[in-house]
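# Descriptive structure summary
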Amino acid sequence: MPDLSKITCIEDLQAIAQRRVPKMFYDYADSGAWTEGTYRANESDFQKIKLRQRVAVNMEGRSTRTTMIGQEVAMPVAIAPTGLTGMQHADGEILGARAAKAFGIPFTLSTMSICSLEDIAENTDRHPFWFQLYVMKDRDFIERLIDRAKAANVSALQLTLDLQILGQRHKDIKNGLSTPPKPTIKNLINLATKPRWCMGMLGTKRRTFGNIAGHAKGVKDLSSLSSWTAEQFDPALSWADVEWIKKRWGGKLILKGIMDAEDARLAVASGADALIVSNHGGRQLDGAPSSIAALPAIADAVGSQIEVWMDGGVRSGQDVLKARALGARGTLIGRSFLYGLGAYGQEGVTRALQIIHKELDITMAFCGRTQIDDVKSDILLPGTF
């Protein structure tokens, strides 16, 4: 196991991941739509929020433990669903799920994962995890996917609402993103500089969309899989579909992609257990506000009726604390987790979680709080949020 004690922040892991992960997959994770303005604002808007330092407060007995939809968590952080995670590092979703289990936080598997639902269940001793669902035109496939999630011991379904159509990410087009990479001269030259990644991929059979290949009708090879997924996202998705999925699933339901108070009220009316204030990491509507900027109005509108969470731009424990102060019961991390995974596999994910937890714990203490559930907006400097 590598000594990661000198890795002190998420940016350290990001720099190493950029060196170790093939360009098309690093760029896939580290990109936004069009000008990437919303992607950048997700991070920079956190920096504008300032904290109130308090002194001569008893800082003993601190705890970041809380709950998310009734589930005990070591800190108000869950791993977000991220597509193609198993292309950042071989068997990436399995490694992320194991790290999350050991740390005591939830792991969310994406529909567009490389490792399948069954892979996660089998490799974590059937530890409960969350599953993110995309609504596709093939409703029979969706029904079977929900049944597979139940069989895999998924404890909550996370329904993404902001990807009915795909936002344009320039880097993916320029890189010719494909899973696995096409053997072009450009790709082969880049892969030759990533021996660690290549050895990992040679050692696994998981190199395509594990939840779809072999399960969806009419998908026989990688090329047809790629065209099937491009055609299957359903632009006609409506709140009626949310109601149908909630009934079909029957368990805890989380709605992801809420950026407006009106939609938040509709989420409450749907009977969901939680909503996630999220702009898809700035990967869909460029020009939308940052998630942290959208959070307070949504928390004010519905926070007493439903659990409000947020994702987008969370790169530190301080970001988690600021989100909590502005009304988010929980946060989700995507890129922060992927940087750790791309850099060092499971150990890198664990290190990312350790960094975020330590920053959260220490910053909370400096703000005069010892329990995460006691954190409110009064820890923030007025006028900065």
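The rules behind the values
- Residues numbered from 1 in each chain as written.
- Predicted model: local features only at pLDDT ≥ 70, side-chain atom pairs only at ≥ 80, totals over all residues.
- Heavy atoms only, no water.
- Helix = DSSP H or I, 4+ residues; strand = E, 2+ residues; numbered from the N terminus.
- Rg over C-alpha atoms; globule rule 2.2 N^0.38 Å.
- Buried < 20%, exposed > 50% of the residue type's maximum accessible area, 1.4 Å probe, protein only.
- Areas by Shrake-Rupley, 256 points an atom, 1.4 Å probe, with all protein chains shown as cover.
- Lys, Arg positive; Asp, Glu negative; His and termini not counted.
- Charge placed at Lys NZ, Arg CZ, Asp CG, Glu CD.
- Salt bridge = Lys/Arg side-chain N within 4 Å of Asp/Glu carboxyl O.
- Contact = heavy atoms within 4.5 Å.
- Axes fitted to C-alpha atoms, helices over the stretch in contact; angles between N-to-C directions.
- Parallel < 35°, antiparallel > 145°, perpendicular 65-115°, else oblique.
- Left-handed = near helix turned anticlockwise from the far one by under 90°.
- UniProt positions renumbered as here; feature names shortened; annotations may be inferred.

### A few points about the overall build of the protein
Scanning the protein from terminus to terminus reveals 16 helices and 10 strands. Relative to the 2.2 N^0.38 estimate, which gives 21 Å for 385 residues, the radius of gyration of the protein is 20 Å and therefore close to what a compact globule would have. In terms of overall dimensions, the protein has C-alpha extents of about 65 × 50 × 45 Å along its principal axes. The burial tally for the protein puts 57% of its 385 residues in the buried class. When the accessible surface of the protein is split by element, carbon and sulfur atoms take 54% of a total near 16000 Å². Counting 47 positive and 42 negative side-chain charges, the protein places the averaged centre of each group 4 Å from the other.

### Section: the pattern of salt bridges
Once their charged atoms are close, side chains differing in charge can pair, the charge on each being opposite to the other. Applying the stated rule across the entire model yields 20 salt bridges. When the shortest N-O distance is used, the salt bridge between K171 and E36 registers 3.5 Å. Of this pair, K171 sits in helix α7 (residues 170–175) while E36 sits in the loop between α2 (23–29) and α3 (37–48), placing them 135 residues apart in sequence. Overall, the relative accessible area of 27% leaves K171 in the partly exposed class.

### Focus: the side chain of T160
Tracing the chain through its elements places T160 in strand β6 (residues 154–160). Relative accessible area serves as the criterion here: at 3%, T160 is assigned to the buried category. For T160, the contacting residues outside a window of four places in its chain are Q132, L133, Y134, L237, K256 and H280.

### A few points about the environment of L266
Looking at the element boundaries, L266 is found in helix α12 (residues 261–269). The partly exposed category is assigned to L266, whose relative accessible area is 37%.

### Observations concerning the packing of helix α1 (residues 10–20) against helix α15 (residues 335–344)
At a minimum axis separation of 7 Å, α1 and α15 run at an interaxial angle of 50°. The pairing of α1 with α15 is recorded here as oblique in orientation. Helix-helix and strand crossings are classified by hand; for α1 and α15 the assignment is left-handed. On α15, the residues that touch I10, L13, Q14, I16, A17 and R20 of α1 are S336, Y339, G340, G342, A343 and Y344.

### Points about the UniProt feature "binding site: glyoxylate" (unreviewed entry) in the protein
When the UniProt feature table is mapped onto this chain numbering, "binding site: glyoxylate" (unreviewed entry) sits at Y28, Q132, Y134, R169, H280 and R283. One can find Y28 in helix α2. For Y28, a relative accessible area of 13% translates into the label buried. Sequence-distant contacts of Y28, that is, excluding residues within four places in its chain, are made with G83, L84, R169, D172, L177 and R283. Setting aside chain neighbours within four positions, we find Y134 in contact with S110, T111, M112, I142, T160, L163, F233 and H280.

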